[in-house]
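Survey of secondary and tertiary structure
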Amino acid sequence: MSETAVPNHPVEESPFRRFVAEFAASKVALFGLAVFVLIALLAIFANWIGPQNPYDLAQLDIMDGRLPPGSKSVAGYTYLLGTDDQGRDMFSGMLYGLRISLAVGVGSAIFAACVGTTLGLLAAFFGRRIDTIVMRVVDLQLSFPSILVALMILAVLGKSVTNVVLALVIVEWAGYARNVRAIAMVERKREYIEAAACLALPWRRIVFRHLLPNCLPPLIVIATQQVARAIALEATLSFLGLGVPITEPSLGLLIANGYQYMLSGKYWISFYPGLALLVTIVSINLVGDHLRDVLNPRLKR
Amino acid sequence: MFTWLLRRLFQACFVVLAMTIIVFIGVHVIGNPVDILISPEADQAERAKIIAEMGLDRPLWQQYAYFLGGALHGDLGRSFVFNEPALKLIGGRMPATLELAVTAVLMSMCFGIPLGLYAGLKPNGILGRVIMSGSILGFSLPSFWVGLMLIMTFAVQLGWLPSTGRGETAEILGVRWSFLTWDGLRHMAMPALNLSLYNISLVLRLTRAGVRETLPMDYIKFARAKGLSPARVIFVHVLKNIMIPVVTVLGLELGTTIAFAVVTESVFAWPGMGKLIIDSINVLDRPVIVAYLMMIVLIFITINLVVDILYTVLDPRVRLETKA
Amino acid sequence: MTATLEVRNLRTHFFTRAGVVKAVDDVSFSVERGQVLGLVGESGSGKSVTGFSIIGLIDPPGRLAGGSILYQGRDLAKLDERDMRHLRGNRIAMIFQDPMMTLNPVLRIDTQMIEAVQAHIKTSKAEARTRARDALGMVGIPSPEERLNSYPHQFSGGMRQRVAIAIALLHNPDLLIADEPTTALDVTIQAQILAEVQKLATDHGTALLWITHDLSVIAGLADRIAVMYAGRVVETGEAADVLDRPAHPYTHGLIGSVPSRNKRGDRLAQIPGMTPSLLSLPAGCAFRGRCAHASTACEQEPPVAEPTAGHAVRCFHPIQGAPA
């Protein structure tokens, strides 16, 4: 009896719980998420996990420079992934590099999301001139490749972590703005917005309490993809010598540092940071791809 | 058609003008080139003389007017570093970049279309899935790292291909090209493949999506009902429909490819414009930066215009609409 | 004399993830030389799938699951793809429902016609073009020579269907399958096309399988009629017998719901309910859920009754007498 009653009265499922269930349906995406969480933890706890503080010169021994993976240091310690030209433990260097890469990538994505979403919402809500101006700028910017825009900005502002983040924000905001505007334009025509307007709610409230929540699911998807793109772009810029300064090396800069030694067969200085970069980007993309399938209402059913 | 073309040209000119302002103002906020280019030991008089020579003491708008007037005559200033006209410098490096980018785009068609066709025809096969997963990698791998791995594998470990440079070149119409010599081609193989990787994924996905979209169409079934061979159905009826979007997108991608050549050229020490701009940014060689950016803008706008025109020529449906 | 086409116990099933869809389930009929068979049924009754099964264009997940398709005594179901291709468009041709979709939008009419000629006859391009032009003239397209150079979008729907018919008749086929070729057209054009196809069929002795959901179209055209419901033929017979003395309640209902047969002011008769899902067909007669005459007996497989010679009906309770 109780068995037949269940399908007739399904348990009220929260949207969040359903989302989690749907997300967990893909093993590949779960794997990607697990890898990403692991990477994030490694980056956050780099100080404790890393056997060495790679930027404390007192801990470095130039005699240990360019040792292949598995070598013993003068002090008897084993370098798992070898050392770079300064005698830094690559594994520790990578953990610290990962931290900077992730911070820059995630940070810029969050800032860009805020700027882009706000402008996109305002463009959609107010329309007319604000819409025209914002969208013209977006069009202009999106018609040029990201690398070129970032290159320009860094050429203007000089190298620093802040400037890299700023450049990435300027490169990325347009993507958010365009997408959010498109979604908000659809939502704006819905009855509930009209109802809110009839109640004479202040526009800030309508935009941020009513419009924004409805734009969130696609926004999350875009943000995930943008984090991966930001990390890749930052690495590229740093590799070109236009990104983070040598005092705060990200994965990209580590790779660049090892470049000159690669031709003489000392592959590990570039290879392992590259592998870390690759795993990070791919794991984020795996999560992002599946999020897109789960959160995109058009694909449902 | 004619008025449409005229309007497009006018729009293009307007964008170029807008970009000159943005680029000029942007670049002239960069640090202070005086500090970098003039040795600290130089005395005050020497500094003033050099500043006056370069026109750096005048107000910004005058510098811009001077710059714009010069630009119209094809004069974008002299490189601080090479003491050569910036445009000539860029022009000298451009063939290397263009041949690399064009080769990369052609390669992306040679690889992307067959792979995409296969993945579209056999979407559930193992190879089809492998191709699609591979294309995700093509999108997400940072190209500089792929370049490094290519060098490591084919140049360092296997020793099959040279790692850097352009190799031997041959001259046609007063320009030196690598693709005319065997050695040049060997040098070009890795950088071109590296640069085309993203485009291969793009073309592959476009082709696959196109195949999936076209195959269930009635006209494909009708073509089969006529008794045509599968080869004719796929290579004429399906492919012709797919080529329009693929060629359009690839045409538009040529500009992006030229821009991304910056990365590939740095990895493979390919002496093109991209390598030049990176070096110039590092030493704040403003005229070269400006000249490069103006050149890129011009290339972008030209490409967009040409693709638009090509598109109307390729697609009979669009052709009719513009005539009407 | 063997019939041009004899279909025996044809089964075409679609093996989908949700289950096996028996789109065509034990269908038998035959068409003689110069005869017209009207295959009537609602959308989803399996009539189009029957047509595609005959010409061998069923795509996965669908496939022939049994029965035979005898074309002049040869079983098409056992033919390999190569031999089938030689028949397709040559001896057996097909015209589709939506003329806007049957011609490839990016290929010129001459390309699409010449390839159809050359698929079956070794001939020069010029020769093939002449044949194509003559075929266009035959179906009543004015100035065919110039029209050959046009693209499909430059034609109206009726004209496109004429082109499709011209292509189908290029090789004077023995069997023409017409899958609702007039439903997408204006009424006046419908009549013209009907008359033309009928004339062409009788002139060349072509056997015609006319698939339609519209009884009024078939009434003046068909020699014999087969009514399909949920993948099965529920009634076959001479056109006059089926139309004037329908024996199956479904046919009865279909005829009752044709507007022209009713008096002004009378309510149109309609068949209650909807076509059942082919995924979960009830046991026994598939129509029993909508049938006013249904009894518990209908839960069993209905027997085939023959009210008169050559008039077969698959029902427990065949109706006797004239239509409502």
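Coordinates for the structure precede this section.
What counts, and where the lines are drawn
Residues numbered from 1 in each chain as written. Chains lettered and ligands numbered in written order. Predicted model: local features only at pLDDT ≥ 70, side-chain atom pairs only at ≥ 80, totals over all residues. Heavy atoms only, no water. Pairing = 2+ DSSP bridges. Helix = DSSP H or I, 4+ residues; strand = E, 2+ residues; numbered from the N terminus. Contact = heavy atoms within 4.5 Å. Axes fitted to C-alpha atoms, helices over the stretch in contact; angles between N-to-C directions. Core = buried A, V, L, I, M, F, W, Y, C linked by side-chain atoms within 4.5 Å. Buried < 20%, exposed > 50% of the residue type's maximum accessible area, 1.4 Å probe, protein only. Parallel < 35°, antiparallel > 145°, perpendicular 65-115°, else oblique. Left-handed = near helix turned anticlockwise from the far one by under 90°. Nonpolar A, V, L, I, M, F, W, Y, C, P; charged D, E, K, R; others polar.

**Notes on the sheet that holds strand β1 (residues 5-16) of chain C**
Residues and elements named next belong to chain C. The four strands lie next to each other as β2-β1-β4-β5, forming an open sheet whose pairing is antiparallel. Of all strands in the sheet, those with a lone pairing partner are β2 (19-31) and β5 (74-75), marking the two edges. Where strand β4 (residues 62-71) and β5 come together, two bridges link them in antiparallel fashion. Counterpart to Leu 70 in the pairing with β5 is Asp 75. In the packing of helix α1 (residues 47-55) onto the sheet, the strands contacted are β1, β2 and β4, and the crossing angle to β1 comes to about 110°.

**So, the nonpolar core**
Within the largest apolar cluster, 122 residues are counted, with the highest numbers of intra-cluster contacts made by Leu 151, Phe 239 and Leu 240 of chain A together with Phe 144 and Tyr 292 of chain B. If we ignore the near neighbours within four places in the chain, the residues touching Tyr 292 of chain B are Leu 148 of chain A together with Ile 90, Ile 258, Ala 259, Val 262, Met 273 and Ile 277 of chain B.

**Regarding the packing of helix α7 (residues 146-157) of chain A against helix α10 (residues 203-239) of chain A**
Residue and element names in this part refer to chain A. Between α7 and α10, whose axes approach to 11 Å, the crossing angle comes to 55°. In terms of their interaxial angle, α7 and α10 are classed as oblique. In the crossing of α7 with α10, the sense of the turn from one axis to the other is right-handed. Residues Ser 146, Ile 147, Ala 150, Leu 151 and Leu 154 of α7 form the contact with α10, whose participating residues are Arg 229, Leu 233, Thr 236 and Leu 237. Partitioning the contact of α7 with α10 into residue classes produces six nonpolar, two polar and one charged.

**As for the sheet that holds strand β6 (residues 92-95) of chain C**
Residues and elements named next belong to chain C. Spatially, eight strands are ordered β6-β7-β8-β3-β9-β10-β12-β11 in an open sheet, and the strand pairing comes out mixed. One side of each edge strand has no neighbouring strand; the edge strands of this open sheet are β6 and β11 (304-308). With direction set aside, neighbouring strand axes in the sheet form an average angle of 20°. Note that strand β3 (residues 36-40) and strand β9 (residues 224-229) share four bridges and pair parallel. Paired with Val 40 across the two strands is Val 227, which belongs to β9. Of the strands in this sheet, β3, β6, β7 (175-179), β8 (207-212) and β9 touch α1, which is tilted by about 150° from β7.

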